[in-house]
Amino acid sequence: MNSFRNSAGLMRRVLIVEDEPINREMLGNIIQQDYEVSYAEDGRQALDMLQAKDKKFSLILLDLLMPKMDGMTFLDRIRTDEELRSIPVIVVTSEEDAEVECIRRGAVDFIRKPYDMPEVILARCRRIVELSEDKAVIRSAERDTLTGLYTKDFFYEYIRQMEHYNSRRDMDAVVINVERFHLINESYGRQGGNAVLQRISELITEQLNSCVGIACRVEADTFFIYWDHRDDYETLVPEMQNGLDHSDIARTRIRVGVYKDVDKADIEEIWFDHAKTACDRVRGNYTHQLAMYDLMLHKRTLYQERLIRDIDGAIRNRDLVVFYQPKYMIRGDRPVLCSAEALIRWKHPELGMISPGDFVPLFESNGLIQKLDEYVWREAAAQIRKWREKYNRTIPVSVNVSRIDIYDPMLEEKLEELLERHQLSPEEIMLEITESAYADNAQCLIEVVERLRERGFKIEMDDFGSGYSSLNMITTIPIDVLKMDMKFIRNMEKDEKSMKLVELVLDIAKFLKVPVVAEGVETQSQLDKLKERGCDIIQGYFFSKPVPPEEFEVFIQNELNRNT
């Protein structure tokens, strides 16, 4: 800040309030080398000059004994004005016993007459102006302008100060987030969204009034709180939600993560990382709004962080292995191997075999799934070519295309380059999309799928019936294959409702004139019933679990033997 002051060449204004002309002139001569000086003969004239607002003053030098309005009255008057009270005042007087009272009324310094040390007076003026300007900068940066809460950087700094002087106090870290805040902005506009955030900050401030703690707004819809340890969160969160429900603003739902009795051996940012991890556990959960960070969650978080950290090495070292599950056409006299699905497995050098259920959802949530998908595409494309060269037969392979892949503007170019590198046709790699991608951005998905089909790729709708399913979706998205979710197959022999749903999916596929792949088939009875009702392709443990490429070759060889 000092370098800016020195280099900017700014001339600050100082107002000298003094009824004695000689004293006014003496003070003016002392400071005019550094400041632009204005003069007032008493407190009333000084107030008129300050309120005129045609000039901004950086400092006031104030005498106490003056006609019309004395210095003490002047201090009282400017203390009631929000703008004027920010201007620092140095009292200049011969009244030595008035110093304490002046400080109590808002003066920042006290200079005694006569002015026999001009260098000291100028130095003190410089220092007071610098401190005042620094304070103004801090004041403008430390508070969020919308909510009045601290900004993140100051929040952490004040926590460090609190801990420096009182480290033995038991404290909790709390994260509050607004569920689907972007929809509030879209529905009610920015003004409605701001009203929600301001109301939440009011509710937080009300709680802070009864305890030791501070709060900040970190992002658009996220709040951090650091306060005394408490055990009433089960009632506190509903109270805060009730305070939102009864306010005259948009319908809002908050979710809260708490890290109780923080471990002060860790740094402050880690406390709130833990609380945010807990908060994220109830994202989209409309039965629970509160989650606590505990040891099990901590272990789970460390485990997931390990997987995130190791994914690049796993790709580089080929610890990720693509397995293949055969798919059989069942419309003829006997099942015929027609294609396969590529499924990823992770053989970690230290953690052993890791279930896809551990890392696939994790990578879908943080965007790393794109790296995983592209690795599978490369491995599958290379394997298709190997089998074609070895057996003189193409085994098409289905690969997953995640939601994040759909938004990749280079998706089509990446797939085309893959085909060219391995000399494959688009029909040899089938692309599986999930219906949940439709819910995120239906129009984008439709446009991407249409372009891929124009290039010759076959599109499979995976896990149909597991989530967003709607007739509008299935009739809008151009697809080539419908994959029935395995939970329908698992229950179809247990209750009539599941069987009716299976028949409904088959009827929809028939109407769309696309084949159906039934996943999760495990018994001959399930196969027979599906065949009777017109199912085209079967996939599941009845034929085989997913297997490594070398084991899959047994199915290819058996198929070739049957045809000779």
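Keep in mind it's a predicted model, so treat the numbers as computed, not measured.

### Some thoughts on the sheet that holds strand 10 (residues 290–292)
Backbone hydrogen bonds hold the strands of a sheet together, and the pairing may be parallel or antiparallel.
Reasoning step 1: An order of 7-8-6-9-10 is seen for the 5 strands of this open sheet, with the pairing classed as mixed. Of all strands in the sheet, those with a lone pairing partner are strand 7 (213–219) and strand 10, marking the two edges. Neighbour-to-neighbour, the strand axes of this sheet turn through a mean angle of 20 degrees, independent of strand direction.
Reasoning step 2: In this structure, strand 6 (residues 171–178) lies alongside strand 8 (residues 222–228), joined through 7 bridges in antiparallel fashion. Counterpart to Ile 176 in the pairing with strand 8 is Phe 223.

### Quick look at empty space enclosed by the protein
Reasoning step 1: One pass over the full model with this rule turns up 1 cavity of 30 Å³ or more.
Reasoning step 2: Within this model, the largest cavity holds a volume of roughly 40 Å³.
Reasoning step 3: Taken together, Val 174, Ile 176, Ile 225, Trp 227, Tyr 233, Leu 236, Val 237, Met 240 and Val 256 make up the lining of the largest cavity.
Reasoning step 4: At the level of secondary structure, the elements contributing two or more residues to the lining of the largest cavity comprise strand 6, strand 8 and helix 9 (233–245).
Reasoning step 5: For the lining of the largest cavity, the element with the highest residue contribution is helix 9, accounting for 4 residues.
Reasoning step 6: Grouping the constituent residues of the lining of the largest cavity by class yields 9 nonpolar, no polar and no charged.

### Observations regarding the packing of aromatic side chains
Reasoning step 1: Under the defined criterion, the tally for this structure stands at 19 aromatic pairs.
Reasoning step 2: When the ring centre of Trp 227 is taken as origin, the NZ or CZ atom of Arg 230, which lies over that ring, is 4.6 Å away.
Reasoning step 3: Geometry around Phe 488 places Lys 487 over its ring, the cationic atom sitting 5.2 Å from the centre.

### Quick look at the layout of surface pockets
Reasoning step 1: In this structure, the largest pocket spans a volume of roughly 1200 Å³.
Reasoning step 2: Looking at the largest pocket, it is lined by 40 residues, and the ones nearest its centre are Glu 341, Leu 343, Val 360, Asp 462 and Asp 463.
Reasoning step 3: Every element with two or more residues in the lining of the largest pocket is listed here: strand 12 (336–348), helix 12 (356–366), helix 13 (369–391), strand 14 (397–400), helix 14 (403–406), strand 15 (429–434), helix 16 (436–440) and strand 16 (458–464).
Reasoning step 4: No other element matches the 6 residues that helix 12 contributes to the lining of the largest pocket.
Reasoning step 5: Split into classes, the residues belonging to the lining of the largest pocket amount to 17 nonpolar, 11 polar and 12 charged.

### Brief notes about the environment of Ile 429
Reasoning step 1: Assignment of secondary structure puts Ile 429 in strand 15.
Reasoning step 2: For Ile 429, a relative accessible area of 2% translates into the label buried.
Reasoning step 3: Sequence separation of Ile 429 and Glu 202 is 227 residues, and the distance between their C-alpha atoms is 56 Å.
Reasoning step 4: In this structure Ile 429 touches Ala 381, Ile 384, Val 397, Val 399, Leu 418, Leu 419, Leu 424 and Phe 457, once residues within four positions along its chain are discounted.

### Here's the deal with the pattern of salt bridges
Reasoning step 1: The full count for this structure, using the stated rule, is 55 salt bridges.
Reasoning step 2: Here Asp 310 makes a salt bridge to Arg 306, at a shortest N to O gap of 2.7 Å. Taken together, the residues Asp 310 and Arg 306, both in helix 11 (residues 295–317) and 4 residues apart, mark about one turn of the helix.
Reasoning step 3: What makes Asp 310 buried here is its relative accessible area of 18%.
Reasoning step 4: With a relative accessible area of 19%, Arg 306 lands in the buried category.

### Digging into the side chain of His 274
Reasoning step 1: The residue His 274 is located in helix 10 (residues 268–281) in this model.
Reasoning step 2: Looking at His 274, the relative accessible area reads 10%, which means it is buried.
Reasoning step 3: Of the polar contacts made by the side chain of His 274, one reaches the side chain of Tyr 293; its length is 3.2 Å.
Reasoning step 4: Beyond its immediate sequence surroundings of up to four residues, His 274 is in contact with Tyr 259, Asp 266, Tyr 293 and His 298.

### Things to note about the packing of helix 13 against helix 22 (residues 549–562)
Reasoning step 1: Where helix 13 meets helix 22, the closest approach of the two axes is 12 Å, and the angle between their N-to-C directions is 40 degrees. With respect to helix 22, the element helix 13 is oriented oblique. Relative to helix 22, helix 13 is oriented so that their crossing is right-handed. Of the residues in helix 22, those in contact with Gln 383, Trp 387, Lys 390 and Tyr 391 of helix 13 are Pro 549, Phe 552, Glu 553, Ile 556, Gln 557 and Leu 560.
Reasoning step 2: A per-class count over the contact of helix 13 with helix 22 returns 6 nonpolar, 2 polar and 2 charged.

### Side note on unusual backbone geometry
Reasoning step 1: Residues Lys 113 and Pro 114 are joined by a peptide bond in cis, for which omega reads 0 degrees.
Reasoning step 2: Residue position: Pro 114 is located in the loop between strand 5 (109–112) and helix 6 (118–142).
Reasoning step 3: Positive phi, close to 50 degrees, is recorded for Arg 180, a residue that is not glycine.
Reasoning step 4: Topologically, Arg 180 is positioned in the loop between strand 6 and helix 8 (181–208).
Reasoning step 5: At Asn 392, a residue that is not glycine, the phi angle is positive and equals roughly 55 degrees.
Reasoning step 6: Assignment of secondary structure puts Asn 392 in the loop between helix 13 and strand 14.
Reasoning step 7: A residue is classified by how much of its surface remains accessible, and Asn 392, at 71% relative accessible area, is exposed.

Cut-off values and rules
Residues numbered from 1 in each chain as written. Predicted model: local features only at pLDDT ≥ 70, side-chain atom pairs only at ≥ 80, totals over all residues. Heavy atoms only, no water. Pairing = 2+ DSSP bridges. Helix = DSSP H or I, 4+ residues; strand = E, 2+ residues; numbered from the N terminus. Axes fitted to C-alpha atoms, helices over the stretch in contact; angles between N-to-C directions. 1 Å grid on protein atoms, 1.4 Å probe; cavity = no way out; pocket = protein on both sides within 12 Å on 5 of 7 lines; lining within 4 Å. Points joined across faces, edges and corners; volume = space filled by probe spheres on them. Nonpolar A, V, L, I, M, F, W, Y, C, P; charged D, E, K, R; others polar. Phe/Tyr/Trp six-rings, centres within 6.5 Å; stacked < 30°, edge-to-face > 60°. Lys NZ or Arg CZ within 6 Å of the ring centre and 35° of its normal. Buried < 20%, exposed > 50% of the residue type's maximum accessible area, 1.4 Å probe, protein only. Contact = heavy atoms within 4.5 Å. Salt bridge = Lys/Arg side-chain N within 4 Å of Asp/Glu carboxyl O. Polar contact = N/O pair within 3.5 Å; in protein donor to acceptor, adjacent residues only side chain to side chain. Parallel < 35°, antiparallel > 145°, perpendicular 65-115°, else oblique. Left-handed = near helix turned anticlockwise from the far one by under 90°.

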